[in-house]
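Structural description and commentary
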Amino acid sequence: MKNVRSYAIIDYLKEKRYCSIPELREKFKVSNATIHRDIAALVQRGVVQKVRGGVALGVRTREEPGPGSFMERLNWNRRAKQTIADAALRHIHEGDILFLDSSSTVCQLAEKLPDSTFASLTIVTNAVSIIRKFHSFPLHYVLIGLGGGYDPQLNSFLGQSTIRELEQLSISKAFVSAFGLCDDRVTTNHEKHFTLLMTLMNVAEQKFLLLDRSKLDRKGLFRFATKNMFDAVITD
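Report on the accompanying structure. Note that this is a predicted model, so its numbers are computed, not measured.

The next thing to look at is the layout of surface pockets. One number sums up the size of the largest pocket: a volume of about 590 Å³. Around the largest pocket sit 21 residues that line it, and D11, E15, N189, H190 and E191 are the ones nearest its centre. If you list the elements that add at least two residues to the lining of the largest pocket, you get α1 (2-16), α2 (21-28), β7 (149-151) and α9 (191-203). Sorting elements by how many residues they give to the lining of the largest pocket places α1 first, with seven residues. When the residues that make up the lining of the largest pocket are grouped by side-chain class, the tally is 10 nonpolar, four polar and seven charged.

Here is the structure:
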């Protein structure tokens, strides 16, 4: 529970930017000693910093990825993600309609597609980074960009508009990542991302989970699938 609460504290700080200790204690319904221990652990990791009367988001250390900016996550453990992307590419075939999520691991897969030799490929995505780079893809590839509200943390479009568009589509293969895989539970910490992934699990014919080893045995807040719901789990 402590790990989940720590990420919930970070998400709350992303919205508030600054919180007093009493506010955090009340928000998470824990004792004064417990919230101070949680904060101390986050300060030690460099995720938050203490300021007068409370805490604010800090400059994260490079020891672990954490929920930092998209570019930080993209560069974190890049070699492992490229290995995963190479393995995932072998599951893509001529004529596929792909869904690519906005995770940094799946974005590594997207970067390999411009050099592929498929005659027909359709890419559905809510990822801003993939949409922006689509001009470099072969001209005969088709892109369907899902709209919605922009989420800067995930660098993607999310929300009910995104869900409605996704529900109208036929997806042959979906490639997604997650916050963690533990005890066969696949989880995320982002509520709107959770809603999108739940919809995708019902829409896509085949599902592939891409995870680097840092996400194994790690629990998030929202469970959107179990391991056996995926056709393959691809990791380094």
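Those residues of helix α8 (residues 160-167) lying buried are T162, I163 and L166. On an axial view of α8, the arc spanned by its buried residues comes to 100 degrees, and they lie on one face. Packing partners of the buried residues in α8 comprise β4 (97-100), β8 (156-158), β9 (171-176) and α9.

Turning our attention to the sheet that holds strand β3 (residues 54-57). With respect to topology, three strands assemble into an open sheet ordered β1-β3-β2, the strand pairing being antiparallel. Where the open sheet ends on each side, the last strands, each with one partner, are β1 (18-20) and β2 (48-51). For this sheet, the mean angle separating the axes of adjacent strands, direction not counted, is 30 degrees. With four bridges connecting them, β2 and β3 associate as antiparallel partners. Opposite V48, over in β3, you have L57 as the bridge partner. Here α2 sits on the sheet in contact with β1 and β3, set at roughly 85 degrees to β1. Helix α3 (residues 32-45) contacts β2 and β3 of the sheet and is inclined by roughly 115 degrees relative to β2.

Backbone-to-backbone hydrogen bonds join strands into a sheet, with any given pair of strands oriented parallel or antiparallel. Taken in spatial order, the six strands line up as β6-β5-β4-β9-β12-β14 in an open sheet, and their pairing is parallel. Pairing within the sheet leaves two strands with one partner each, and these edge strands are β6 (142-145) and β14 (232-235). With direction set aside, neighbouring strand axes in the sheet form an average angle of 20 degrees. Sheet topology note: the β9/strand β12 (residues 204-211) ladder contains five bridges and is parallel. Bridge pairing in β12 links K173 to Q206. Sheet contacts for α9: β4, β9 and β12; angle to β12, the most-contacted strand, approximately 130 degrees.

Rules used throughout
Position numbers for residues count from 1 along each chain, tracking the sequence in the order it is written. Note on the predicted model: pLDDT of at least 70 is required for a residue's local features to be given, and 80 or more for side-chain atom pairs to be given and counted; whole-chain, interface and lining totals, by contrast, use all residues. To get the side-chain values, all heavy atoms of the structure are used, and hydrogens and water are removed first. The way it works is a 1 Å grid over only the protein atoms, where trapped points that fit a 1.4 Å probe form a cavity and open points with protein on both sides within 12 Å along at least five of seven lines form a pocket, and then any residue with an atom within 4 Å of a point lines it. Grid points are joined across faces, edges and corners, and a volume is the space filled by probe spheres set on the points. A helix here means a DSSP run of H or I that spans at least four residues, while a strand means a run of E at least two residues long, and both kinds are numbered starting from the N terminus. Only Asp, Glu, Lys and Arg are considered charged, only Ala, Val, Leu, Ile, Met, Phe, Trp, Tyr, Cys and Pro nonpolar, and every remaining residue, Gly among them, polar. Only protein chains enter the accessibility calculation, which uses a 1.4 Å probe; a residue whose area is less than 20% of its type maximum is buried, one above 50% is exposed, and one in between is partly exposed. The arc under discussion is defined with respect to the helix axis, by the directions toward the C-beta atoms. Two residues form a contact once any of their heavy atoms are found within 4.5 Å. A pair of strands is treated as paired once DSSP finds two or more bridges between them. Throughout, an axis means a line fitted to C-alpha atoms (over the contacting stretch in the case of helices), and angles, computed between N-to-C directions, take values from 0 to 180 degrees.

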